[in-house]
Every structure is written in structure tokens, then in C-alpha cells.
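Coordinate inspection notes
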Amino acid sequence: MSKLVIVESPAKAKTIRKYLGDGYEVTASMGHIRDLPASQLGIDVDHDYTPQYINIKGKEKLIKELKSEAKKADQVFLATDPDREGEAISWHLAHLLGLNIEDANRVTFGEITKKGVTEGMAHPRAIDIDLFNAQQARRILDRLVGYKLSPFLWRKVRRGLSAGRVQSVAVRLIVDREKEIEDFKPEEYWNLDATLSPPSSQKKFTARFYGTAAGKKMEVTNEAQAMGIVKDLEGADYTVTELKRGHRKKVPAPPFITSTLQQEASRRLGFTATRTMRAAQTLYEGVDIAGRGTMGLITYMRTDSLRVSDEAVAGAKEYITEAYGERYVCPTKRTYKSRSATAAQDAHEAIRPSVPSLTPDEAEKSISGDIAKLYRLIWSRFIASQMSDCEQDTVSAHITAADYQFRASGYVVTFEGFTALYEEATDEKEKKETALPPLEQGQTLKLRALTPEQKFTQPPARYTEATLIRSLEENGIGRPSTYAPIITTIIDRGYVEREQKKLKPTLLGRTINDLMMQEFPDIVDVTFSAGMEKNLDKVENGSADWRTTIDSFYKGFAAALEKAEKDMEGKKIKVPDEETDEICEKCGRKMVIKTGRYGKFLACPGFPECTNTKRLVKDTGGKCPKCGGRMLLRKSAKGRVYYGCENYPNCDFMTWDEPVAQTCEKCGATLFKKGSRLYCAKEGCGFETQVNKQ
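Residues numbered from 1 in each chain as written. Predicted model: local features only at pLDDT ≥ 70, side-chain atom pairs only at ≥ 80, totals over all residues. Heavy atoms only, no water.

**Brief notes about the overall build of the protein chain**
Scanning the protein chain from N- to C-terminus turns up 17 helices and 29 strands. A principal-axis box enclosing the C-alpha atoms of the protein chain has dimensions of 95 × 80 × 55 Å. In the protein chain, buried positions account for 46% of the 694 residues. Put simply, of all contacts in the protein chain between residues at least 6 apart along the chain, 66% involve residues at least 24 apart. Taken as two groups, the 107 positive and 98 negative side-chain charges of the protein chain have centres that lie 4 Å from each other. (Helix = DSSP H or I, 4+ residues; strand = E, 2+ residues; numbered from the N terminus. Buried < 20%, exposed > 50% of the residue type's maximum accessible area, 1.4 Å probe, protein only. Contact = heavy atoms within 4.5 Å. Lys, Arg positive; Asp, Glu negative; His and termini not counted. Charge placed at Lys NZ, Arg CZ, Asp CG, Glu CD.)

Shown next, in the form of C-alpha cells:
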């Protein structure tokens, strides 16, 4: 018997073909083969939101080949990815090829390994119609919002804009954060740090002012108060009045799910969500590994589940025992509770290496670049999740001086456990703790220095991709598989821009957000959007009808759209120009930033009287080491960033190395950063230092 297996990609087909052997033909659909039409709504709103699916343009030859292959086969298996999109592709393939969707012709692979493929083929099932309907409902909802709202934005703002069910909420979060930053009023406070050492030791440690000797917390809010405390402490003895010793355990982070993988890859590797998912897809579909052949290196990468198979746990523990010793193996089975996984999403395991014994060092003999970096991250996180806790002895000291109390805390690692391999990165700056010297209660300490330091409270930080993904997930907005395309969309539309890896709303983004807040408050409401997501999850688990779910949303949306058309009849919103400090040399006005076909440029606001335009360049704040001109950030034809003198072509200085704020200690010129090294580029100087010495 001949059997045809259809997957999405040629890479996946190549890997699976190796495991199935004779009697099987494996081919790829190259993703979706049918979709809603691109040039029209394609949804019959008046007849139960019936979608009009058509074959995707350009896939005619492929569809003909798939039909021919299916006719020749005795049996056809639909082996697309094990998620909503994969189920939808299989449903469309079944309709196109004349397959019965109630037949057991759907197979899924949690991992593309010999075992994963064999198990998947041994348990075929019918197409999950609830999973398909969940995808269909999302697709139709997004089409209704996009196709109804986008023309409205074109008419009222400008062409080429879009709004969406999830993207508009993401933009709102970024805009709201920017407003918080702008409205933030810094408040003064002072730290008082006492540098102390035991009487018979030269080892110093720092204790921070806490409050009264009785242990009541005091806020120091101005210089007069700080200096008053310093005066009170003149000649005071610093005595250890209380010592608390303890023992604590630090537990490893769970294996990755889609959202946490995107966050950690952003923090550790500087990857965008799109870059992370591209590398993860390659790792899942299969790569050639020397001595092992073509294999998928990780389990399926679109999952909300933290479940891990017993076999994978056993494989991890076997590796840990061999590499680190028995003590480093977690003595019990660790189970992690998934926060948001639905029943369907929990069908997959967490993201883990498909073969735990394949170390990154071995894999990197065959792979490199992004996929090697991401594999190391996934492998390390998973193996660490099955290792012993990190154990620490802690000490906290209360130190009394005059009528005041200082406090110091520290710890010593008594057993490194999982931290020997991996520790999760964080977005927040952690309070640094260090080991304290041996202290005794009642001991009088030597004061080495008492340092008052003025501080100001800081505004909340702008979102990075990692923190935006975390916020979307915590608020129940969208699904992890949608985060990468959403972030790409809002940047491509010009609503948001990256500034040193931070996401900053543009004036266009703020204008669109204000309009959406005014006319379509539900679309950009976090609670409403989260509720919609829960309703779509109900469709997935079979407890809600997809047409009813769409109808409950669309009636309110259609009414809001009708009202918005009336409210804004005859009105057009102008996006404010972003003013710069660049002066138009023709008329003296401050030039503004405009966006054209080829990106942003500088233009004179006096148009049409003054038609002066310039390339938009960014001043780095550094000075040219040859002529003293401004060092500008520029981009090569291939988009690579470099730095050049503003006086080009009269001055030809350029470098790939970033100018920094720090100046040369020898000659005062701008320093440039190359790796961990700072150097002076002024001819004849030769000064160098390390970045961490700034």
C-alpha cells in the first residue's frame, strides 16, 4: 500500500521521510493552501458569518500536484503542525483533496524524532473540528475588524493604516506606558550607607540606613534631613544588636513555553520574537547532526503547557547524574502548573530538547548562528529544571548607632545546584547581596565611611519586546503564537519604533490610539479583549458555538463603527509632525520628520513655500576624532548601522564602532566601543579601557 503524508514545510518533510521509510511519500503544502480572499471581505455577515474560502493565488501548480499525489495513494495522512493553524490547514487539505474529515487521517508529532514520528503515525485521529473552529473564529474576527476598521482609518487619517483585535491593544499598552513616563514626577530621596568592618578584620561591608533604633522605618526625603542624621551620628558606636541566620532554597525556572522562550531570548540573546520563532521552527522541523542524521532537536514550539513526559525527565536526570553527580539531580519529580493552557494547548509538552543527551557542545559541531544559540538556551533551561535547588545560608544584621538603625544582609551559596548550569534572566534590576564577614551579636564595628547620596524615583521603563510579551500574556491578550507577528505589524505600520531595544510610540501611533480610544473603546480595552480571548478558548474546548461567539462581538462593533462614521463625518485627523533641532538652511525654520515611500526623512515645515528636504540622520552625541564634527548614526545599503562624520565628504572618518558618552582620560576626545573595550580613535593617543570601568 502507498501512503501519502502531507506536512507544511519541505524541511519537515525531509526529516519525516527518513523515519517512515518505504511505502510512504511525504510532501509539503507550503503552509496554508486556502484562505479568505485578499481583495474583499469574504464573509457573509448576513448569513451566519459564512466564510468564502478560495485557493491562495500562486499555489495552483502545488494544489494540482497534491491532488495527483492523493489520487495515487491508498491512504492520505494530514501531518500539519499540532496547533490551531495546523488543524485549519489539515481541514482545508481534506476539503480540497476530497477526504472525509471524520476519518482517522490526522496525525500530529510533538517532536520530529524516530519515536515522535512512530508514535504519531500509530495514533491517527479525526480532524478536531473544535480546534479548527477556534482558528476559523479568530480568522473571521480579525478579518471583520481589519477590513471594517482599516478603510475608516484611511479616510480619517491616511492610507496604508490598519487596526486589529490584538495589535490595537498592544499599541495602547505602549502608548499608556509612554504617558506614564511623561506624567511621572520624580521625588527626591536619600540613601545613607555606612561602610563597616569587624574590629579584628579588614573586610568591609555596607549597611544601609533603615530608621530608628527601635526598628521603625524612616524615609529620608531631603538633604537637610540627611545631613541632620549624619551630624547625629558623629562619634557614635556601631553595634550589632540583632543577627538572623537562615537557610533558603532557590528553585529553577520551569521549561519554556512559547511566551517565556520569546522573553528569555530577547533578554539574553537580543532576539526579536520573530527571530526566535524562526530559529525554533528550524530546530523543530529538523537539522542534520553529525553521527545522528536529520532530526528535530526540540519539541513543538507553540505551546502554553509546562507538562514534561516521564521519558524526557528520565533522560535529563541521566545526563545530570553523569555530568554533575547524583546530588545535582532533583530527588523528586518536579511538576509545574501551567497558568493559561487550555485542554487543547496542554496536548503538547513544554518546549524541551527532543533528545536530552544531545548537548549544545555536540550539536554545535553541526549547527551554528541563531539556531545554535537558541538550542543552547532551550537545552540549558530544560536540564536545569530537573536539577537540585540552589542552597544558600543567609544572614541579616541590625546595627544600631546613636538613635538610628542600619541593616545589612548577605548570603553564601552552600550548594550551587541548578545554578551550575543556568539561571533565568530578569527584566528588573535585582538588589545585590554579597557575603558578609563573620559577625557576632553585641559586637562593635569600625566605621570606615558614612556616605549620604541623593536619589530620585525613576519613571516606569518603556516596554521591551520581552516585557510587552509578558504584559500581553499576563493580561490574557492574544496567544503566544501571535505575539511575534503582532510586534512586527505595529513596527511596520509605523505605530511603534525601537529605540535602543525599547518600544516607543510614534506620533502616528499615538494619533491612531487616541482615535481608537474615542470611537472604538472596546477594541482597545484590555479587559474586553481578554474576555474575547476566553470566549474563543471556549470554542476550542467545545463549550461555545463559533458563530454565536462572533455574533456577540460583531453586533457591538458594527454599532460602534456606524456611530464613528457619523461622529467624524467630514472630518480628517492630521498626524502632528515631529519637530527636530535641525535648522533649514534655506529659510531658518526647524525641520520636521516626515515618512515617505522609502522611510523617514527631514522636511521643511514651510512647504510649499520652502521645499527643502534632507536625509534623516541621528546625532550620537560623539565628536569626530579627525575634525570635531558630529558623529552621526547612518545605515549602509544593506541596513547595517555605522557611524560617520557629519562633514563627509570633506571628512572621511567612519567606523562600525559605537561612540559613547565617556571621553578619553588623556586627550578628552570621544571614546568608541568595540566589544568590551573602549578606545580613543584620535591619531597618536592610543588610550584604551574596559567598558566596566566606566
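**Re the sheet that holds strand 9 (residues 205–212)**
Read around the closed barrel, the six strands follow the order 8-9-14-13-10-15; overall the barrel is antiparallel. Averaged over all adjacent pairs, the angle separating strand axes in this sheet is 35°, with direction ignored. This element, helix 7 (residues 223–232), spans strand 8 (188–197), strand 9, strand 14 (404–415) and strand 15 (444–456) of the sheet and lies at about 25° to strand 8. (Pairing = 2+ DSSP bridges. Axes fitted to C-alpha atoms, helices over the stretch in contact; angles between N-to-C directions.)

**As for the packing of aromatic side chains**
A full pass over the atoms with the stated rule returns 18 aromatic pairs. With centroids separated by 6.0 Å and ring planes inclined at 75°, the aromatic side chains of Tyr642 and Trp656 adopt a geometry described as edge-to-face. Within this pair, whereas Tyr642 is found in strand 24 (residues 641–645), its partner Trp656 is found in the loop between strand 25 (654–655) and strand 26 (658–663), the two being separated by 14 residues in sequence. Judged by relative accessible area, Tyr642 falls into the buried class, the value being 19%. Grouping aromatic residues by their ring pairs yields a cluster made of Tyr49, Phe152, Phe520, Phe528, Phe553, Tyr554 and Phe557. If you follow Arg177 out to its NZ or CZ, it ends over the ring of Tyr463, 4.2 Å from the centre. Positioned above the aromatic ring of Tyr411 is the side chain of Arg248, whose terminal nitrogen or guanidinium carbon lies 5.1 Å from the ring centre. (Phe/Tyr/Trp six-rings, centres within 6.5 Å; stacked < 30°, edge-to-face > 60°. Lys NZ or Arg CZ within 6 Å of the ring centre and 35° of its normal.)

**Digging into the packing of helix 8 (residues 258–269) against helix 12 (residues 369–385)**
One can describe the packing of helix 8 onto helix 12 by two numbers: an axis separation of 11 Å at closest approach and a directional angle of 120°. The element helix 8 and its partner helix 12 pack so that their crossing is right-handed. Two secondary-structure elements touch here, helix 8 through Thr260, Leu261, Glu264, Ala265, Arg268 and Leu269 and helix 12 through Lys373, Leu374, Leu377, Ile378 and Arg381. Grouping the constituent residues of the contact of helix 8 with helix 12 by class yields six nonpolar, one polar and four charged. (Left-handed = near helix turned anticlockwise from the far one by under 90°. Nonpolar A, V, L, I, M, F, W, Y, C, P; charged D, E, K, R; others polar.)

**Quick notes on the packing of helix 6 (residues 167–183) against helix 14 (residues 480–492)**
The contact between helix 6 and helix 14 brings their axes to 10 Å, and the two run at 70°. In terms of axis orientation, helix 6 runs roughly perpendicular to helix 14. Here helix 6 and helix 14 pass one another in a crossing that is right-handed. The residues of helix 14 that touch helix 6, namely those facing Gln167, Ala170, Val171 and Ile174, are Ile486, Thr489 and Ile490. Its residues placed into classes, the contact of helix 6 with helix 14 shows five nonpolar, two polar and no charged. (Parallel < 35°, antiparallel > 145°, perpendicular 65-115°, else oblique.)

**What about the UniProt feature "active site" (unreviewed entry) in the protein chain?**
Listed under "active site" (unreviewed entry) in the UniProt record, and renumbered for this structure, are Tyr300. If we skip the residues at most four places from it in the chain, Tyr300 touches Asp81, Pro82, Asp83, Gly110, Tyr284, His348 and Ile351. A polar contact is formed between the side chain of Tyr300 and the side chain of Asp81, at a distance of 3.4 Å. (UniProt positions renumbered as here; feature names shortened; annotations may be inferred. Polar contact = N/O pair within 3.5 Å; in protein donor to acceptor, adjacent residues only side chain to side chain.)

**Thoughts on unusual backbone geometry**
A negative phi holds for most residues other than glycine; trans holds for most peptide bonds. Of the consecutive residues Phe607 and Pro608, the connecting peptide bond is found in the cis state with omega at 10°. Note on placement: Pro608 falls in the loop between strand 20 (599–603) and strand 21 (613–615). Look at the link from Tyr648 to Pro649: it is a cis peptide, with omega at 10°. The residue Asp48 is not glycine, and still its phi comes out positive at about 60°. Located in the positive-phi region is Ala402, a residue other than glycine, with phi close to 55°. Within the secondary structure, Ala402 sits in the loop between strand 13 (390–401) and strand 14.

**Some thoughts on a negative patch on the surface**
Taken together, the side chains of Asp44, Asp46, Asp48 and Asp545 make up a negatively charged region of the molecular surface. Along the polypeptide, Asp44 turns up in strand 4 (residues 43–44). (Patch = residues over 30% accessible without salt bridge, like charges linked within 9 Å, V, L, I, M, F, W, Y side chains within 5 Å. Areas by Shrake-Rupley, 256 points an atom, 1.4 Å probe, with all protein chains shown as cover. Salt bridge = Lys/Arg side-chain N within 4 Å of Asp/Glu carboxyl O.)

**As for helix 15 (residues 507–519)**
Between its terminal C-alpha atoms helix 15 stretches 18 Å, which fits the 18 Å expected from 13 residues at 1.5 Å a residue. Every buried residue of helix 15 is accounted for by Leu508, Gly509, Arg510, Thr511, Ile512, Asn513, Leu515, Met516 and Glu519. Where helix 15 is buried, its residues meet helix 5 (129–156), helix 6, strand 17 (502–505) and helix 17 (546–567). (Expected span 1.5 Å × (residues − 1).)

**Let's talk about the sheet that holds strand 26**
Note: strands within a sheet are paired through backbone hydrogen bonds, in either parallel or antiparallel orientation. Read across the sheet, four strands follow the order 26-27-28-29 without closing on themselves; strand pairing throughout is antiparallel. In this open sheet, the two strands that pair with only one neighbour each are strand 26 and strand 29 (688–690). With strand direction ignored, the average angle separating the axes of adjacent strands in the sheet is 35°. In the sheet, strand 26 pairs with strand 27 (residues 670–674) via three bridges, with the strands oriented antiparallel. In the strand pairing of strand 27, Thr663 is matched with Thr670.

**What to know about the side chain of Lys156**
Looking at the element boundaries, Lys156 is found in helix 5. Notably, Lys156 is buried but unbridged: the nearest opposite-charge side chain belongs to Glu565, and the N-O separation is 4.8 Å. A distance of 2.8 Å separates the side chain of Lys156 from the backbone oxygen of Met568, its partner in a polar contact. Apart from the residues lying within four places of it in its own chain, the contact partners of Lys156 are Glu565, Met568, Glu569, Gly570, Lys571, Lys572 and Ile573.

**Some remarks on the nonpolar core**
Of all hydrophobic cores here, the largest spans 137 residues; its most connected members are Phe109, Leu297, Ile298, Ile367, Leu374, Tyr375 and Phe520. Ignoring any residue separated from it by four or fewer positions in sequence, one finds Phe109 in contact with Ile16, Ala79, Pro82, Gly116, Val117, Gly120, Met121 and Tyr284. Membership of the second largest hydrophobic core comes to 24 residues, among which are Trp190, Leu192, Ala408 and Leu436. (Core = buried A, V, L, I, M, F, W, Y, C linked by side-chain atoms within 4.5 Å.)

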